[in-house]
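# Structural features, examined
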Amino acid sequence: MPLTRYSAEAFGVLTICLVALLILLGLMCIAYSFYLRSRVLRQGFIQLSYFSGPWIIRITFILFSIWWGFGEIIRLNFLRQQGRVLNALNLRWQENICRCYIVSNLGFAEPCLFLTLVFLLRAPLQNMDTGILSRKWNGKTAGYVLLYCLPLFVLQLIIILIGPELHKDRRELPLYFTRTAAPGMQNSDDIVLCTYPLLNTILLGLFATVLTAYLFWLGRRILKLVINKGLQKRVYTLIFSVSSFLPLRVLLLGLSVLSKPEHILFEALAFSAFLVLLCCAGVCICMLVYCPVADCLALGNLHDLEARGRVVLDDPNDTVSLIVNQSHLEGNVGISPERNSDASTKRGSISFRTFEKDGTSTGAFVELSLFSPSRDVTPPGSPPLLGWPMRPPTHVLGP
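Per the secondary structure count, the protein includes 10 helices and 6 strands. Partitioning the intrachain contacts of the protein with sequence separation of at least 6 by distance along the chain shows that 76% fall at a separation of at least 24. Within the structure as shown, the protein displays about 19,000 Å² of accessible surface, and the carbon and sulfur contribution to it stands at 65%.

Here the focus is the packing of aromatic side chains. Here the structure, examined in full by the defined rule, presents 15 aromatic pairs. Aromatic side chains Trp67 and Phe108 sit 5.0 Å apart centroid to centroid with 50° between the ring planes, which places their arrangement in the tilted category. Placement of the pair is Trp67 in helix α3 (residues 55-75) and Phe108 in helix α4 (residues 91-122), with a sequence separation of 41 residues. Trp67 gets classed as partly exposed once you look at its relative accessible area, which sits at 42%.

In this section: the nonpolar core. Counting residues in each nonpolar core, the largest one holds 79 residues, and the members touching the most others are Phe114, Leu121 and Leu215. Residues contacting Leu121, with those up to four places away along its chain left out, are Leu215, Leu218, Ile222, Leu238, Ile239 and Leu288. Judged by nonpolar contacts, the second largest core, of 5 residues, contains Leu36, Val40, Val293 and Cys296.

Okay, the pattern of salt bridges next. Taken as a whole, this structure holds 5 salt bridges when the rule is applied. Residues Arg249 and Glu72 are paired through a salt bridge, measuring 3.4 Å at the closest nitrogen-oxygen approach. Taken together, the residues Arg249 in helix α7 (residues 229-255) and Glu72 in helix α3 connect sequence positions 177 residues apart. Accessibility expressed as a relative area gives 0% for Arg249, which makes it buried. Under the relative-accessibility criterion, Glu72 is labelled buried at 0%. One connected set of salt bridges, linked through shared partners, spans Glu72, Arg75, Glu110, Arg249 and Glu267.

This part is about the state of the cysteines. Considering all chains together, one arrives at 1 disulfide under this definition. Each sulfur of the disulfide joining Cys98 and Cys194 lies 2.0 Å from the other. On the sign convention where negative means left-handed, the S-S torsion of about -85° between Cys98 and Cys194 marks this disulfide as left-handed. Separated by 96 residues along the polypeptide, Cys98 in helix α4 and Cys194 in strand β2 (residues 189-194) bring together distant segments of the chain. The cysteine Cys112 is free of any disulfide, with Cys149 supplying the nearest cysteine sulfur at 3.4 Å.

Here we come to the environment of Val103. Its place among the elements puts Val103 in helix α4. It is 9.5 Å that separates the C-alpha atoms of Val103 and Ile159, two residues lying 56 residues apart in sequence. Those residues in contact with Val103 that lie beyond four places of it in its chain are Phe108, Phe153, Gln156, Leu157 and Ile160.

Among the surface-exposed residues, Tyr144, Leu147, Tyr148, Leu150, Val154, Leu155, Leu157, Ile158, Leu161 and Ile162 lie close enough to one another that they form a single nonpolar patch of about 900 Å² accessible area. Position of Tyr144 among the secondary structure elements: in helix α5 (residues 137-169).

We now examine the packing of α4 against helix α8 (residues 264-297). Axis separation between α4 and α8 bottoms out at 12 Å; the angle between their running directions is 30°. Put simply, α4 runs roughly parallel to α8. Seen along the crossing, α4 lies across α8 with a hand that is left-handed. From α4, Glu110, Phe114, Leu117, Leu120 and Leu121 reach across to α8, where they touch Leu277, Cys280, Cys284 and Leu288. Class assignment for the residues of the contact of α4 with α8 results in 8 nonpolar, no polar and 1 charged.

Looking now at the environment of Ile264. Take Ile264: it is sitting in helix α8. In sequence terms Ile264 and Phe11 are 253 residues apart; their C-alpha atoms lie 9.9 Å from each other. Filtering out sequence-adjacent residues up to four positions away, Ile264 remains in contact with Met1, Pro2, Leu3, Ser7 and Phe11.

So, on to the side chain of Ser33. As for its position among the elements, Ser33 is in helix α1 (residues 5-43). Residue class for Ser33 comes out buried when judged on its relative accessible area of 2%. Apart from residues no more than four positions distant in its own chain, Ser33 is found in contact with Ile59, Val289 and Val293.

Calculation rules
- Residues numbered from 1 in each chain as written.
- Predicted model: local features only at pLDDT ≥ 70, side-chain atom pairs only at ≥ 80, totals over all residues.
- Heavy atoms only, no water.
- Helix = DSSP H or I, 4+ residues; strand = E, 2+ residues; numbered from the N terminus.
- Contact = heavy atoms within 4.5 Å.
- Areas by Shrake-Rupley, 256 points an atom, 1.4 Å probe, with all protein chains shown as cover.
- Phe/Tyr/Trp six-rings, centres within 6.5 Å; stacked < 30°, edge-to-face > 60°.
- Buried < 20%, exposed > 50% of the residue type's maximum accessible area, 1.4 Å probe, protein only.
- Core = buried A, V, L, I, M, F, W, Y, C linked by side-chain atoms within 4.5 Å.
- Salt bridge = Lys/Arg side-chain N within 4 Å of Asp/Glu carboxyl O.
- Disulfide = S-S within 2.5 Å.
- Patch = residues over 30% accessible without salt bridge, like charges linked within 9 Å, V, L, I, M, F, W, Y side chains within 5 Å.
- Axes fitted to C-alpha atoms, helices over the stretch in contact; angles between N-to-C directions.
- Parallel < 35°, antiparallel > 145°, perpendicular 65-115°, else oblique.
- Left-handed = near helix turned anticlockwise from the far one by under 90°.
- Nonpolar A, V, L, I, M, F, W, Y, C, P; charged D, E, K, R; others polar.

Printed below as a string of structure tokens:
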């Protein structure tokens, strides 16, 4: 069935609206991250640096999502109709835009998006000194993301550049293996419609296969660390989203070669591929950016942190050092039924160890529930918790 003007407009307007919603979500989360960072620095709560540490990489993840969204808008046939912005360009420039779209989205934005996700997920498994608490972690991680993306970007670019020559040398190779654009006509106006070369899609599929396998392995390691059922649900949600949506997008892009670009089936497949990755990006932004920031701010007014410390500490000159429970480092450590129950783990919690002024640990632990202020102390009879001292004490809590 040929793609009508109204169908193209419907797909185009819906795509632009969904991308706009993704951008609004991203900008809100960026502002939220800056707000948390400013409160941590302004009020001196360096104990919370573990949670605000990867703020630059979280923002980078959002920026890659926005970049990808703009690329999907540029691809639309809606913008090539008479009177639209891309219709004013000649056919050669329209074809070049389609080539740039393939390299930008399939070769850069999407790989960088999921590589950033991987680094955010594996951050808790890194050494504390060289991990999130390191001042260089954000810069080094951004460099690694670009470095690991470079091979795929170069391969996608090579396929785009040598595609026409490859088709001339090998006549038996179907055109859809290397074609980035196809001529079309709407309302007696010649335009160029973007397509998905099958070779580029196959390359993206190989990347998705390796990434999905690594995420399954990484997810198993993370689940050994997490003792909170709420956080377990987040990990499961992330792993399920990426491992299902990314391969599904590759499959839909591959099936798009079965239809001509001027047919509605092609546009429906392309829109479906866009929609599944949009959902994946939205879920990842919520799980990796919004929720961690919300958990940290859910301690409420950060001045309340000092008040809670004064209630628990017998000595007003004691200091509090935020630690992260990491039971997997010392092998299998039993968790009490109360601590692992739905009631106590439905929303998250943060544990604290008290320190004397000379830096010696008193061995006492304080647990602050992220969303239930009434549960401040670990249940009696619970085994001692293992954890990292996140930062040496630098200030005294006291009147």
